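Chain by chain, the residues:
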Amino acid sequence: MTAPAERAFNARVDAGLTRLLYDNFPHALITNVVISLLLVAGVWQAQPHATLLGWLACLWLVTHWVAGNCCVPTGAAPMMPGRKSGRGALPWARS
């Protein structure tokens with residue numbers, strides 16, 4: 001494969017992988033919420049309730065923040081790492 005063809009192929013692969021990541025991201029967030037509820041229900045009798053509710057609140061706040069800062073609305077093109085701003089830009093890629 002020639003250098004320009006290889007770069008074009010790599011760019012298509014990167015775009016496909018990024019799209020796949022963002023397509024599956026909402027499922028990961030939902031799973032995070034469901035599993036955290038199951039965990040709290042499982043240890044409810046063994047741990048202080050205030051500690052469990054505090055942990056759950058912190059986890060959900062972080063999940064809400066991640067969803068608001070990293071998710072791309074359906075139909076929108078995802079921001080690629082390295083872009084400086086915009087919905088969907090990865091937090092560590094912002095400058």
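What counts and how
- Residues numbered from 1 in each chain as written.
- Predicted model: local features only at pLDDT ≥ 70, side-chain atom pairs only at ≥ 80, totals over all residues.
- Heavy atoms only, no water.
- pLDDT = per-residue confidence, 0-100.
- Contact = heavy atoms within 4.5 Å.
- Helix = DSSP H or I, 4+ residues; strand = E, 2+ residues; numbered from the N terminus.
- Buried < 20%, exposed > 50% of the residue type's maximum accessible area, 1.4 Å probe, protein only.
- Polar contact = N/O pair within 3.5 Å; in protein donor to acceptor, adjacent residues only side chain to side chain.

(A) Representation of the confidence of the model for the chain within the structure. On average, residues of the chain carry a pLDDT of 77, and 71% of them reach 70 or more. Low pLDDT, under 50, characterises residues 80-95; the stretch is placed with 31 contacts to residues that sit more than four places away or in other chains.

(B) Quick look at the side chain of Thr18. Within the secondary structure layout, Thr18 lies in helix α1 (residues 3-43). Take Thr18: its relative accessible area is 13%, and that puts it in the buried class. In this structure the side chain of Thr18 is engaged in a polar contact, spanning 2.8 Å, whose partner is the backbone oxygen of Asp14.

(C) Spotlight on the side chain of Thr63. If you trace the backbone, Thr63 turns up in helix α2 (residues 49-70). Judged by its relative accessible area of 10%, Thr63 is buried. At 2.8 Å, the side chain of Thr63 and the backbone oxygen of Leu59 are in polar contact. Excluding its chain neighbours within four sequence positions, the residues that come into contact with Thr63 are Leu29, Asn32 and Val33.

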